[in-house]
Amino acid sequence: MELIKPSFGLIFWMLIGFGILFFILAKFAWPIITNGIASRNKKIADQLEEAAKIHEEMQSLNKKHDEMMAQAKNERDALLAEARKVSEEMYEKAKLKASAESQAMIEDAKKAIYFEKMKAITDAKNAIANFSIDIAQKVITEELKDREKQEALVEKWLEDCHFN
Amino acid sequence: MVCALLMVFACQNGFAQATETAEADNVEAVAEAAQEEVFDAGPFIIEHVIDSYGWHICGSGEKSVTIPLPVILFDEGRPVVFLSNKFHHGEAAYNGYAMGWEENTKGRIVKLEGNYSDYTGHLEEGEAYANHVCKWDISITKNVCALLISIILITCIFLSVAKRYREHPDEVPSGLQALVEPLIVFIQDEVITPSLGKNSNKYAPYLLTLFFFIFLNNMLGIVPIFPGGANLTGNIAVTGILALITFFVTTFSSGKEYWKDIFNTPGVPWWLKVPLPLMPLVETIGIFTKPFVLMVRLFANITAGHIITLAFVSLIFIFGQMNPVIGWAVSPVSIFFYIFMGLMELLVAFIQAFVFTLLSAMYIGMAIGEEEHEEKTAVVEA
(Lines give C-alpha, C1' and ligand atoms only; values in the text may rest on other atoms or scores of the structure.)
Protein backbone atom coordinates (compact mmCIF):
# COMPACT_ATOMS: atom_id res chain seq x y z
CA MET A 1 0.00 0.00 0.00
CA GLU A 2 2.92 2.28 0.61
CA LEU A 3 3.54 2.20 -3.11
CA ILE A 4 0.33 4.03 -4.00
CA LYS A 5 0.12 6.31 -0.98
CA PRO A 6 1.46 9.75 -1.88
CA SER A 7 3.51 11.26 0.91
CA PHE A 8 2.98 14.83 1.98
CA GLY A 9 6.67 15.70 1.97
CA LEU A 10 7.21 14.65 -1.61
CA ILE A 11 4.09 16.50 -2.78
CA PHE A 12 5.35 19.60 -0.98
CA TRP A 13 8.86 19.44 -2.43
CA MET A 14 7.56 18.44 -5.85
CA LEU A 15 5.32 21.50 -6.03
CA ILE A 16 8.10 23.83 -4.93
CA GLY A 17 10.81 22.11 -6.96
CA PHE A 18 8.87 21.79 -10.17
CA GLY A 19 7.57 25.33 -9.72
CA ILE A 20 11.10 26.70 -9.37
CA LEU A 21 12.34 24.56 -12.26
CA PHE A 22 9.51 25.77 -14.46
CA PHE A 23 10.10 29.36 -13.45
CA ILE A 24 13.84 29.25 -14.14
CA LEU A 25 13.51 27.42 -17.45
CA ALA A 26 10.54 29.46 -18.64
CA LYS A 27 12.37 32.67 -17.87
CA PHE A 28 15.99 31.94 -18.72
CA ALA A 29 16.09 28.93 -21.00
CA TRP A 30 13.08 28.14 -23.19
CA PRO A 31 12.53 31.56 -24.80
CA ILE A 32 16.21 31.86 -25.66
CA ILE A 33 16.42 28.30 -26.96
CA THR A 34 13.20 28.31 -28.97
CA ASN A 35 13.93 31.75 -30.38
CA GLY A 36 17.46 30.63 -31.16
CA ILE A 37 16.19 27.60 -33.05
CA ALA A 38 13.52 29.63 -34.82
CA SER A 39 16.00 32.32 -35.79
CA ARG A 40 18.45 29.75 -37.11
CA ASN A 41 15.70 27.98 -39.00
CA LYS A 42 14.69 31.28 -40.51
CA LYS A 43 18.27 32.07 -41.39
CA ILE A 44 18.73 28.69 -43.06
CA ALA A 45 15.45 29.07 -44.94
CA ASP A 46 16.41 32.57 -46.04
CA GLN A 47 19.80 31.42 -47.17
CA LEU A 48 18.34 28.50 -49.08
CA GLU A 49 15.92 30.84 -50.78
CA GLU A 50 18.73 33.24 -51.51
CA ALA A 51 20.84 30.42 -52.86
CA ALA A 52 17.97 29.36 -55.11
CA LYS A 53 17.61 32.92 -56.28
CA ILE A 54 21.32 33.21 -56.90
CA HIS A 55 21.25 29.92 -58.73
CA GLU A 56 18.45 31.21 -60.92
CA GLU A 57 20.34 34.43 -61.50
CA MET A 58 23.42 32.46 -62.31
CA GLN A 59 21.49 30.41 -64.78
CA SER A 60 20.05 33.47 -66.47
CA LEU A 61 23.49 35.04 -66.45
CA ASN A 62 24.93 31.88 -67.93
CA LYS A 63 22.25 31.90 -70.56
CA LYS A 64 22.97 35.52 -71.31
CA HIS A 65 26.65 34.77 -71.37
CA ASP A 66 26.10 31.90 -73.79
CA GLU A 67 23.93 34.10 -75.94
CA MET A 68 26.54 36.79 -75.92
CA MET A 69 29.22 34.27 -76.73
CA ALA A 70 27.18 32.92 -79.60
CA GLN A 71 26.51 36.43 -80.84
CA ALA A 72 30.15 37.34 -80.56
CA LYS A 73 31.09 34.22 -82.41
CA ASN A 74 28.64 35.03 -85.15
CA GLU A 75 29.91 38.55 -85.34
CA ARG A 76 33.46 37.33 -85.47
CA ASP A 77 32.58 34.88 -88.20
CA ALA A 78 30.81 37.59 -90.11
CA LEU A 79 33.76 39.91 -89.66
CA LEU A 80 36.17 37.25 -90.72
CA ALA A 81 34.09 36.39 -93.72
CA GLU A 82 33.85 40.02 -94.70
CA ALA A 83 37.54 40.51 -94.15
CA ARG A 84 38.24 37.51 -96.29
CA LYS A 85 35.93 38.84 -98.94
CA VAL A 86 37.54 42.26 -98.83
CA SER A 87 41.00 40.80 -98.98
CA GLU A 88 40.00 38.59 -101.87
CA GLU A 89 38.49 41.56 -103.63
CA MET A 90 41.58 43.57 -102.96
CA TYR A 91 43.68 40.73 -104.22
CA GLU A 92 41.56 40.42 -107.31
CA LYS A 93 41.64 44.14 -107.85
CA ALA A 94 45.34 44.25 -107.32
CA LYS A 95 45.78 41.36 -109.67
CA LEU A 96 43.65 43.06 -112.28
CA LYS A 97 45.41 46.30 -111.81
CA ALA A 98 48.78 44.68 -111.99
CA SER A 99 47.90 42.88 -115.17
CA ALA A 100 46.42 46.03 -116.64
CA GLU A 101 49.54 47.91 -115.75
CA SER A 102 51.77 45.28 -117.17
CA GLN A 103 49.61 45.26 -120.28
CA ALA A 104 49.91 48.99 -120.51
CA MET A 105 53.63 48.76 -119.99
CA ILE A 106 53.84 46.15 -122.67
CA GLU A 107 51.76 48.36 -124.91
CA ASP A 108 54.02 51.29 -124.14
CA ALA A 109 57.05 49.17 -124.73
CA LYS A 110 55.56 47.97 -127.99
CA LYS A 111 54.78 51.51 -129.01
CA ALA A 112 58.23 52.67 -128.03
CA ILE A 113 59.73 49.79 -129.89
CA TYR A 114 57.56 50.66 -132.90
CA PHE A 115 58.54 54.30 -132.70
CA GLU A 116 62.14 53.39 -132.30
CA LYS A 117 61.84 51.02 -135.24
CA MET A 118 60.12 53.63 -137.36
CA LYS A 119 62.66 56.17 -136.31
CA ALA A 120 65.41 53.75 -137.16
CA ILE A 121 63.77 53.00 -140.50
CA THR A 122 63.34 56.72 -141.20
CA ASP A 123 66.86 57.36 -140.18
CA ALA A 124 67.95 54.53 -142.39
CA LYS A 125 65.87 55.90 -145.23
CA ASN A 126 67.26 59.33 -144.74
CA ALA A 127 70.75 57.97 -144.54
CA ILE A 128 70.16 55.91 -147.65
CA ALA A 129 68.67 58.97 -149.41
CA ASN A 130 71.60 61.07 -148.33
CA PHE A 131 73.96 58.37 -149.43
CA SER A 132 72.05 58.11 -152.71
CA ILE A 133 72.13 61.86 -153.16
CA ASP A 134 75.78 61.94 -152.39
CA ILE A 135 76.42 59.09 -154.70
CA ALA A 136 74.16 60.61 -157.28
CA GLN A 137 75.88 63.95 -156.78
CA LYS A 138 79.21 62.26 -157.08
CA VAL A 139 77.97 60.34 -160.14
CA ILE A 140 76.43 63.42 -161.64
CA THR A 141 79.41 65.48 -160.80
CA GLU A 142 81.54 62.79 -162.43
CA GLU A 143 79.23 62.55 -165.41
CA LEU A 144 78.95 66.29 -165.94
CA LYS A 145 82.61 67.10 -165.79
CA ASP A 146 82.87 67.92 -169.38
CA ARG A 147 80.73 70.16 -171.51
CA GLU A 148 79.71 67.72 -174.09
CA LYS A 149 78.37 65.29 -171.71
CA GLN A 150 76.35 68.08 -170.07
CA GLU A 151 75.04 69.20 -173.23
CA ALA A 152 74.26 65.70 -174.39
CA LEU A 153 72.36 65.25 -171.16
CA VAL A 154 70.48 68.43 -171.54
CA GLU A 155 69.76 67.40 -174.98
CA LYS A 156 68.45 64.11 -173.85
CA TRP A 157 66.34 65.68 -171.15
CA LEU A 158 65.05 68.14 -173.54
CA GLU A 159 64.23 65.40 -175.84
CA ASP A 160 62.39 63.69 -173.13
CA CYS A 161 60.50 66.78 -172.37
CA HIS A 162 58.11 67.16 -175.15
CA PHE A 163 56.84 70.63 -175.27
CA ASN A 164 53.64 69.94 -176.67
CA MET B 1 19.71 0.31 -8.63
CA VAL B 2 20.30 -3.31 -9.43
CA CYS B 3 24.03 -2.80 -9.41
CA ALA B 4 23.67 -1.53 -5.87
CA LEU B 5 21.72 -4.66 -5.05
CA LEU B 6 24.48 -6.85 -6.39
CA MET B 7 26.89 -4.97 -4.20
CA VAL B 8 24.55 -5.46 -1.29
CA PHE B 9 24.67 -9.18 -1.71
CA ALA B 10 28.38 -9.26 -2.38
CA CYS B 11 28.92 -7.43 0.88
CA GLN B 12 26.48 -9.68 2.64
CA ASN B 13 28.23 -12.83 1.48
CA GLY B 14 31.63 -11.40 2.27
CA PHE B 15 30.40 -10.40 5.68
CA ALA B 16 28.91 -13.80 6.27
CA GLN B 17 32.12 -15.54 5.26
CA ALA B 18 34.21 -13.29 7.49
CA THR B 19 31.97 -14.02 10.41
CA GLU B 20 32.18 -17.71 9.71
CA THR B 21 35.96 -17.84 9.79
CA ALA B 22 36.36 -15.43 12.67
CA GLU B 23 33.72 -16.95 14.87
CA ALA B 24 34.11 -20.57 13.96
CA ASP B 25 33.37 -21.56 17.54
CA ASN B 26 30.06 -19.74 17.56
CA VAL B 27 28.48 -21.80 14.80
CA GLU B 28 25.03 -21.73 16.28
CA ALA B 29 24.88 -17.95 16.33
CA VAL B 30 25.95 -17.77 12.69
CA ALA B 31 23.37 -20.36 11.70
CA GLU B 32 20.77 -18.35 13.53
CA ALA B 33 21.89 -15.15 11.76
CA ALA B 34 21.72 -16.93 8.42
CA GLN B 35 18.27 -18.16 9.29
CA GLU B 36 17.15 -14.59 9.95
CA GLU B 37 18.49 -13.36 6.63
CA VAL B 38 16.29 -15.55 4.48
CA PHE B 39 15.83 -13.72 1.22
CA ASP B 40 12.30 -12.53 0.65
CA ALA B 41 11.88 -11.01 -2.82
CA GLY B 42 8.57 -9.17 -2.21
CA PRO B 43 9.58 -6.75 0.54
CA PHE B 44 13.05 -6.48 -0.98
CA ILE B 45 11.63 -5.25 -4.31
CA ILE B 46 9.10 -2.92 -2.73
CA GLU B 47 11.82 -1.50 -0.49
CA HIS B 48 13.79 -0.54 -3.58
CA VAL B 49 10.87 0.98 -5.40
CA ILE B 50 9.43 3.14 -2.63
CA ASP B 51 10.80 6.23 -0.99
CA SER B 52 13.06 6.11 2.07
CA TYR B 53 14.61 8.44 4.60
CA GLY B 54 18.18 7.55 3.74
CA TRP B 55 19.95 6.89 0.46
CA HIS B 56 21.11 3.32 0.58
CA ILE B 57 24.37 2.80 -1.30
CA CYS B 58 25.45 -0.76 -0.49
CA GLY B 59 25.59 -3.36 2.22
CA SER B 60 22.81 -4.57 4.42
CA GLY B 61 21.82 -4.53 8.06
CA GLU B 62 24.31 -2.92 10.41
CA LYS B 63 27.09 -2.93 7.81
CA SER B 64 25.18 -1.08 5.12
CA VAL B 65 26.39 2.22 3.71
CA THR B 66 23.58 4.73 3.61
CA ILE B 67 23.72 8.45 2.99
CA PRO B 68 21.79 10.02 5.87
CA LEU B 69 19.30 12.60 4.72
CA PRO B 70 17.74 15.34 6.83
CA VAL B 71 14.41 14.67 8.45
CA ILE B 72 12.29 17.81 8.67
CA LEU B 73 9.07 17.68 10.66
CA PHE B 74 6.56 20.18 11.91
CA ASP B 75 5.37 18.72 15.17
CA GLU B 76 2.57 20.87 16.57
CA GLY B 77 3.96 23.85 14.72
CA ARG B 78 7.49 23.26 16.01
CA PRO B 79 10.12 22.50 13.38
CA VAL B 80 12.26 19.47 14.10
CA VAL B 81 15.36 18.75 12.04
CA PHE B 82 17.78 15.84 12.43
CA LEU B 83 19.57 13.32 10.23
CA SER B 84 17.85 10.08 9.33
CA ASN B 85 20.74 7.90 10.59
CA LYS B 86 19.53 8.62 14.13
CA PHE B 87 16.88 5.96 13.48
CA HIS B 88 19.53 3.25 12.99
CA HIS B 89 17.54 1.67 10.17
CA GLY B 90 14.31 1.94 12.06
CA GLU B 91 15.56 0.22 15.18
CA ALA B 92 15.95 3.29 17.36
CA ALA B 93 13.94 6.31 18.39
CA TYR B 94 15.30 9.85 18.51
CA ASN B 95 13.69 12.43 20.82
CA GLY B 96 10.51 10.43 20.67
CA TYR B 97 10.51 10.13 16.86
CA ALA B 98 10.78 6.72 15.25
CA MET B 99 10.13 4.91 12.01
CA GLY B 100 6.67 3.40 11.93
CA TRP B 101 6.68 -0.37 12.33
CA GLU B 102 2.99 -1.21 12.20
CA GLU B 103 1.22 -2.05 8.97
CA ASN B 104 -0.47 1.34 8.60
CA THR B 105 2.48 3.46 9.72
CA LYS B 106 5.24 1.64 7.87
CA GLY B 107 7.62 3.95 6.05
CA ARG B 108 6.41 7.01 7.90
CA ILE B 109 7.74 8.79 10.94
CA VAL B 110 5.76 8.38 14.15
CA LYS B 111 5.86 10.29 17.39
CA LEU B 112 5.88 8.13 20.49
CA GLU B 113 3.39 9.03 23.14
CA GLY B 114 3.27 8.93 26.91
CA ASN B 115 6.49 8.09 28.73
CA TYR B 116 8.41 7.73 25.51
CA SER B 117 7.60 11.17 24.06
CA ASP B 118 11.27 12.23 24.41
CA TYR B 119 12.81 8.78 24.24
CA THR B 120 16.15 8.33 22.47
CA GLY B 121 17.48 4.82 22.13
CA HIS B 122 16.83 1.31 20.98
CA LEU B 123 13.27 0.19 20.41
CA GLU B 124 12.59 -3.18 21.96
CA GLU B 125 11.03 -5.81 19.78
CA GLY B 126 7.49 -6.73 20.75
CA GLU B 127 6.94 -3.81 23.10
CA ALA B 128 3.82 -1.75 22.46
CA TYR B 129 4.70 1.90 22.09
CA ALA B 130 1.75 4.24 21.82
CA ASN B 131 2.35 6.47 18.81
CA HIS B 132 0.81 8.67 16.16
CA VAL B 133 1.93 9.52 12.65
CA CYS B 134 3.63 12.88 12.13
CA LYS B 135 1.48 14.55 9.50
CA TRP B 136 3.62 17.49 8.54
CA ASP B 137 6.67 15.69 7.33
CA ILE B 138 8.70 17.52 4.72
CA SER B 139 11.87 15.48 5.12
CA ILE B 140 14.45 15.42 2.38
CA THR B 141 13.84 11.79 1.53
CA LYS B 142 15.62 9.82 -1.15
CA ASN B 143 13.09 10.93 -3.76
CA VAL B 144 13.19 14.56 -2.66
CA CYS B 145 16.96 14.41 -2.86
CA ALA B 146 16.74 12.89 -6.35
CA LEU B 147 14.21 15.58 -7.27
CA LEU B 148 16.60 18.32 -6.16
CA ILE B 149 19.51 16.69 -7.99
CA SER B 150 17.48 16.37 -11.17
CA ILE B 151 16.28 19.97 -10.90
CA ILE B 152 19.86 21.18 -10.53
CA LEU B 153 20.92 18.96 -13.42
CA ILE B 154 18.14 20.13 -15.75
CA THR B 155 18.74 23.76 -14.80
CA CYS B 156 22.47 23.44 -15.48
CA ILE B 157 21.90 21.67 -18.78
CA PHE B 158 19.38 24.11 -20.17
CA LEU B 159 20.96 27.27 -18.85
CA SER B 160 24.24 26.26 -20.47
CA VAL B 161 22.41 25.41 -23.69
CA ALA B 162 20.57 28.73 -23.55
CA LYS B 163 23.89 30.48 -22.97
CA ARG B 164 25.27 28.80 -26.06
CA TYR B 165 22.29 30.03 -28.10
CA ARG B 166 22.71 33.52 -26.72
CA GLU B 167 26.44 33.75 -27.29
CA HIS B 168 26.62 31.92 -30.59
CA PRO B 169 23.39 32.75 -32.38
CA ASP B 170 22.70 31.07 -35.72
CA GLU B 171 25.67 28.75 -35.46
CA VAL B 172 26.04 25.02 -35.93
CA PRO B 173 24.93 23.32 -32.68
CA SER B 174 27.67 21.64 -30.71
CA GLY B 175 28.12 19.62 -27.54
CA LEU B 176 25.20 19.57 -25.16
CA GLN B 177 23.23 21.81 -27.47
CA ALA B 178 23.49 19.26 -30.27
CA LEU B 179 22.28 16.60 -27.84
CA VAL B 180 19.14 18.34 -26.59
CA GLU B 181 18.20 20.34 -29.65
CA PRO B 182 16.79 17.40 -31.62
CA LEU B 183 14.63 16.53 -28.61
CA ILE B 184 13.41 20.10 -28.24
CA VAL B 185 12.66 20.33 -31.94
CA PHE B 186 10.95 16.93 -31.86
CA ILE B 187 8.71 17.95 -28.96
CA GLN B 188 7.98 21.29 -30.56
CA ASP B 189 7.22 19.96 -34.03
CA GLU B 190 5.56 16.65 -33.19
CA VAL B 191 3.78 17.44 -29.93
CA ILE B 192 3.28 21.11 -29.23
CA THR B 193 2.60 22.62 -32.63
CA PRO B 194 0.17 19.93 -33.90
CA SER B 195 -1.78 20.04 -30.63
CA LEU B 196 -1.79 23.73 -29.88
CA GLY B 197 -1.34 25.49 -33.19
CA LYS B 198 -1.01 29.21 -32.69
CA ASN B 199 -1.09 28.91 -28.90
CA SER B 200 2.15 26.92 -28.99
CA ASN B 201 4.37 29.67 -27.66
CA LYS B 202 2.23 30.15 -24.59
CA TYR B 203 2.32 26.52 -23.48
CA ALA B 204 5.68 25.41 -24.91
CA PRO B 205 7.68 26.28 -21.75
CA TYR B 206 5.44 24.14 -19.55
CA LEU B 207 5.35 21.21 -21.96
CA LEU B 208 9.09 21.29 -22.60
CA THR B 209 9.82 21.46 -18.87
CA LEU B 210 7.42 18.58 -18.35
CA PHE B 211 9.02 16.44 -21.02
CA PHE B 212 12.59 16.97 -19.92
CA PHE B 213 11.73 16.60 -16.23
CA ILE B 214 10.04 13.25 -16.82
CA PHE B 215 12.59 12.05 -19.35
CA LEU B 216 15.64 12.89 -17.26
CA ASN B 217 14.16 11.40 -14.10
CA ASN B 218 13.12 8.27 -15.98
CA MET B 219 16.68 7.92 -17.21
CA LEU B 220 18.18 8.64 -13.80
CA GLY B 221 15.84 6.03 -12.36
CA ILE B 222 17.41 3.38 -14.56
CA VAL B 223 20.95 4.24 -13.45
CA PRO B 224 21.67 1.91 -10.53
CA ILE B 225 24.29 3.97 -8.69
CA PHE B 226 24.11 7.03 -6.49
CA PRO B 227 22.78 10.13 -8.23
CA GLY B 228 20.39 7.84 -10.07
CA GLY B 229 18.41 4.95 -8.77
CA ALA B 230 15.65 6.82 -7.00
CA ASN B 231 12.30 5.80 -8.39
CA LEU B 232 11.10 9.40 -8.72
CA THR B 233 8.83 9.19 -11.76
CA GLY B 234 7.57 5.86 -10.42
CA ASN B 235 6.28 7.63 -7.35
CA ILE B 236 2.59 8.39 -7.28
CA ALA B 237 3.08 11.75 -5.56
CA VAL B 238 5.36 13.01 -8.32
CA THR B 239 3.24 11.80 -11.21
CA GLY B 240 0.17 13.02 -9.32
CA ILE B 241 1.52 16.54 -9.04
CA LEU B 242 2.50 16.59 -12.72
CA ALA B 243 -0.97 15.37 -13.68
CA LEU B 244 -2.53 17.91 -11.33
CA ILE B 245 -0.59 20.75 -12.94
CA THR B 246 -1.75 19.57 -16.37
CA PHE B 247 -5.29 19.40 -15.00
CA PHE B 248 -5.12 22.99 -13.74
CA VAL B 249 -3.50 24.28 -16.91
CA THR B 250 -6.19 22.51 -18.94
CA THR B 251 -9.02 23.84 -16.82
CA PHE B 252 -7.77 27.40 -16.66
CA SER B 253 -7.03 27.64 -20.37
CA SER B 254 -10.38 26.13 -21.34
CA GLY B 255 -12.61 28.05 -23.68
CA LYS B 256 -16.35 28.18 -24.14
CA GLU B 257 -16.26 25.25 -26.58
CA TYR B 258 -14.71 22.94 -24.01
CA TRP B 259 -17.49 23.39 -21.49
CA LYS B 260 -20.12 23.26 -24.19
CA ASP B 261 -18.70 19.92 -25.34
CA ILE B 262 -18.94 18.64 -21.79
CA PHE B 263 -22.41 19.82 -20.83
CA ASN B 264 -24.04 19.70 -24.23
CA THR B 265 -22.00 17.21 -26.20
CA PRO B 266 -22.65 17.69 -29.91
CA GLY B 267 -23.41 14.69 -32.10
CA VAL B 268 -25.07 12.68 -29.33
CA PRO B 269 -28.80 11.78 -29.26
CA TRP B 270 -30.84 14.07 -27.00
CA TRP B 271 -32.07 11.24 -24.77
CA LEU B 272 -28.53 10.80 -23.50
CA LYS B 273 -28.70 14.34 -22.09
CA VAL B 274 -32.34 14.83 -21.06
CA PRO B 275 -33.87 13.95 -18.65
CA LEU B 276 -30.98 11.89 -17.32
CA PRO B 277 -27.73 13.85 -18.00
CA LEU B 278 -25.77 10.75 -18.89
CA MET B 279 -23.33 12.27 -21.36
CA PRO B 280 -22.61 15.36 -19.26
CA LEU B 281 -21.95 13.04 -16.34
CA VAL B 282 -19.56 10.89 -18.37
CA GLU B 283 -17.84 13.97 -19.75
CA THR B 284 -17.54 15.52 -16.31
CA ILE B 285 -15.97 12.35 -14.96
CA GLY B 286 -13.72 12.49 -18.03
CA ILE B 287 -12.31 15.83 -16.86
CA PHE B 288 -10.89 14.05 -13.85
CA THR B 289 -10.10 10.68 -15.34
CA LYS B 290 -7.78 12.21 -17.93
CA PRO B 291 -5.24 13.55 -15.43
CA PHE B 292 -5.82 10.51 -13.23
CA VAL B 293 -4.89 8.24 -16.09
CA LEU B 294 -1.84 10.40 -16.81
CA MET B 295 -0.76 9.95 -13.22
CA VAL B 296 -1.32 6.20 -13.15
CA ARG B 297 0.21 5.52 -16.56
CA LEU B 298 3.56 7.10 -15.80
CA PHE B 299 3.67 5.72 -12.26
CA ALA B 300 2.71 2.20 -13.31
CA ASN B 301 4.99 2.01 -16.33
CA ILE B 302 8.09 3.14 -14.51
CA THR B 303 7.41 1.20 -11.33
CA ALA B 304 6.51 -1.95 -13.23
CA GLY B 305 9.75 -1.73 -15.20
CA HIS B 306 11.74 -1.45 -11.99
CA ILE B 307 9.82 -4.27 -10.33
CA ILE B 308 10.42 -6.63 -13.23
CA THR B 309 14.10 -5.71 -13.38
CA LEU B 310 14.44 -6.32 -9.65
CA ALA B 311 12.51 -9.55 -9.93
CA PHE B 312 15.01 -10.92 -12.44
CA VAL B 313 17.85 -10.10 -10.08
CA SER B 314 15.94 -11.58 -7.14
CA LEU B 315 15.60 -14.83 -9.07
CA ILE B 316 19.33 -15.39 -8.74
CA PHE B 317 19.13 -15.18 -4.97
CA ILE B 318 15.94 -17.16 -4.66
CA PHE B 319 17.55 -20.01 -6.57
CA GLY B 320 20.85 -19.41 -4.83
CA GLN B 321 19.16 -20.03 -1.53
CA MET B 322 17.99 -23.45 -2.65
CA ASN B 323 21.41 -24.34 -3.90
CA PRO B 324 24.32 -22.05 -4.84
CA VAL B 325 24.90 -24.08 -8.01
CA ILE B 326 21.38 -23.40 -9.24
CA GLY B 327 21.90 -19.75 -8.36
CA TRP B 328 25.00 -19.59 -10.53
CA ALA B 329 23.23 -21.47 -13.32
CA VAL B 330 20.27 -19.12 -13.26
CA SER B 331 22.35 -15.94 -13.14
CA PRO B 332 23.27 -15.76 -16.88
CA VAL B 333 19.60 -16.08 -17.79
CA SER B 334 18.62 -13.52 -15.20
CA ILE B 335 21.33 -11.13 -16.32
CA PHE B 336 20.28 -11.54 -19.92
CA PHE B 337 16.69 -10.67 -19.05
CA TYR B 338 17.90 -7.90 -16.78
CA ILE B 339 19.80 -6.32 -19.67
CA PHE B 340 16.85 -6.84 -21.97
CA MET B 341 14.56 -5.12 -19.45
CA GLY B 342 17.10 -2.35 -19.03
CA LEU B 343 16.94 -1.67 -22.75
CA MET B 344 13.15 -1.83 -22.61
CA GLU B 345 13.23 0.67 -19.78
CA LEU B 346 15.36 3.02 -21.87
CA LEU B 347 12.66 2.89 -24.51
CA VAL B 348 9.91 3.25 -21.92
CA ALA B 349 11.71 6.21 -20.34
CA PHE B 350 11.43 8.10 -23.59
CA ILE B 351 8.00 6.86 -24.61
CA GLN B 352 6.39 7.65 -21.27
CA ALA B 353 7.88 11.15 -21.17
CA PHE B 354 6.70 11.64 -24.74
CA VAL B 355 3.21 10.27 -24.07
CA PHE B 356 2.72 12.33 -20.93
CA THR B 357 3.74 15.48 -22.80
CA LEU B 358 1.70 14.59 -25.87
CA LEU B 359 -1.47 13.91 -23.89
CA SER B 360 -0.97 17.04 -21.79
CA ALA B 361 -0.57 19.06 -24.97
CA MET B 362 -3.65 17.46 -26.52
CA TYR B 363 -5.79 18.02 -23.41
CA ILE B 364 -4.75 21.66 -23.30
CA GLY B 365 -5.32 21.97 -27.05
CA MET B 366 -8.78 20.44 -26.72
CA ALA B 367 -9.61 22.74 -23.82
CA ILE B 368 -8.65 25.81 -25.82
CA GLY B 369 -10.76 24.47 -28.67
CA GLU B 370 -10.94 26.86 -31.62
CA GLU B 371 -10.05 25.94 -35.14
CA GLU B 372 -7.17 23.53 -34.65
CA HIS B 373 -9.63 20.65 -34.54
CA GLU B 374 -8.59 19.06 -37.80
CA GLU B 375 -4.94 19.07 -36.87
CA LYS B 376 -5.68 17.37 -33.57
CA THR B 377 -7.69 14.58 -35.08
CA ALA B 378 -4.85 14.03 -37.50
CA VAL B 379 -2.49 13.57 -34.57
CA VAL B 380 -4.83 11.15 -32.86
CA GLU B 381 -5.11 9.09 -35.98
CA ALA B 382 -1.37 9.06 -36.42
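Residues numbered from 1 in each chain as written. Chains lettered and ligands numbered in written order. Predicted model: local features only at pLDDT ≥ 70, side-chain atom pairs only at ≥ 80, totals over all residues. Heavy atoms only, no water.

A. Quick peek at the overall build of chain A. Helices and strands together make up the secondary structure of chain A, namely two helices and zero strands. The buried share of chain A, taken over its 164 residues, is 10%. Of the accessible surface of chain A, which amounts to about 13700 Å², a share of 63% is contributed by carbon and sulfur atoms. (Helix = DSSP H or I, 4+ residues; strand = E, 2+ residues; numbered from the N terminus. Buried < 20%, exposed > 50% of the residue type's maximum accessible area, 1.4 Å probe, protein only. Areas by Shrake-Rupley, 256 points an atom, 1.4 Å probe, with all protein chains shown as cover.)

B. Layout of the sheet that holds strand β7 (residues 109-112) of chain B. Residues and elements named next belong to chain B. With respect to topology, three strands assemble into an open sheet ordered β6-β7-β9, the strand pairing being antiparallel. The open sheet has two edge strands with one neighbour each: β6 (97-99) and β9 (131-133). Direction aside, the axes of adjacent strands within the sheet are offset by 40 degrees on average. (Pairing = 2+ DSSP bridges. Axes fitted to C-alpha atoms, helices over the stretch in contact; angles between N-to-C directions.)

C. Seen up close, the pattern of salt bridges. The final tally for this structure, using the stated rule, is six salt bridges over all chains. We note a salt bridge from A:Asp46 to A:Lys42, for which the minimum N-O separation is 3.3 Å. Residue A:Asp46 and its partner A:Lys42 are both found in helix α1 (residues 8-143); the two are separated by four residues, about one turn of the helix. For A:Asp46, a relative accessible area of 34% gives the class partly exposed. Linking B:Asp75 and B:Arg78 is a salt bridge whose minimum nitrogen-to-oxygen distance equals 3.9 Å. Judged by relative accessible area, B:Asp75 falls into the buried class, the value being 7%. (Salt bridge = Lys/Arg side-chain N within 4 Å of Asp/Glu carboxyl O.)

D. Geometry of the environment of B:Gly305. All names here are of chain B. Tracing the backbone shows Gly-305 in helix α9 (residues 278-322). Remark: the alpha-carbon pair of Gly-305 and Ile-222, spanning 83 residues in sequence, is separated by 9.2 Å. Among all residues touching Gly-305, those that are not within four sequence positions of it are Met-341 and Glu-345. (Contact = heavy atoms within 4.5 Å.)

E. Fine view of the interface of chain A and chain B. With 32 residues of chain A at the contact, the number on the chain B side is 52 residues. For the chain A and chain B pair, buried surface summed over both sides reaches about 3700 Å², with 80% attributable to carbon and sulfur atoms. Counting across the chain A and chain B interface gives one salt bridge. One salt bridge connects A:Arg40 with B:Glu181, and the closest N-O pair in it is separated by 2.4 Å. Our count for the chain A to chain B interface comes out at eight residue pairs in polar contact (both at pLDDT 80 or more). Its residues placed into classes, the side of chain A that touches chain B shows 22 nonpolar, six polar and four charged. (Buried area = accessible area lost by both parts, 1.4 Å probe. Polar contact = N/O pair within 3.5 Å; in protein donor to acceptor, adjacent residues only side chain to side chain. Nonpolar A, V, L, I, M, F, W, Y, C, P; charged D, E, K, R; others polar.)

F. View of the environment of B:Val296. Within the element layout of this structure, B:Val296 appears in helix α9. C-alpha separation for the pair B:Val296 and B:Ala243, spaced 53 residues apart in sequence, amounts to 9.2 Å.

G. Representation of the pairing of strand β4 (residues 78-83) of chain B in the model. All names here are of chain B. Of the pairings in the sheet, the one linking strand β3 (residues 70-75) to β4 comprises six bridges and is antiparallel in character. Bridge pairing in β4 places Ile-72 opposite Val-81. The hairpin turn running from β3 into β4, its antiparallel successor, is two residues long, and Glu-76 in that turn takes a positive phi close to 55 degrees.

H. A look at a negative patch on the surface. Together, B:Glu91, B:Glu124, B:Glu125 and B:Glu127 give the surface a local cluster of negative charge. With respect to the secondary-structure elements, B:Glu91 resides in the loop between β4 and β5 (92-93). (Patch = residues over 30% accessible without salt bridge, like charges linked within 9 Å, V, L, I, M, F, W, Y side chains within 5 Å. Lys, Arg positive; Asp, Glu negative; His and termini not counted. Charge placed at Lys NZ, Arg CZ, Asp CG, Glu CD.)

I. Up close: a nonpolar patch on the surface. Taken together, the side chains of B:Val333, B:Phe336, B:Phe337, B:Phe340 and B:Met344 make up a nonpolar region of the molecular surface, amounting to roughly 470 Å² of accessible area. Along the chain, B:Phe336 falls in helix α10 (residues 324-368).

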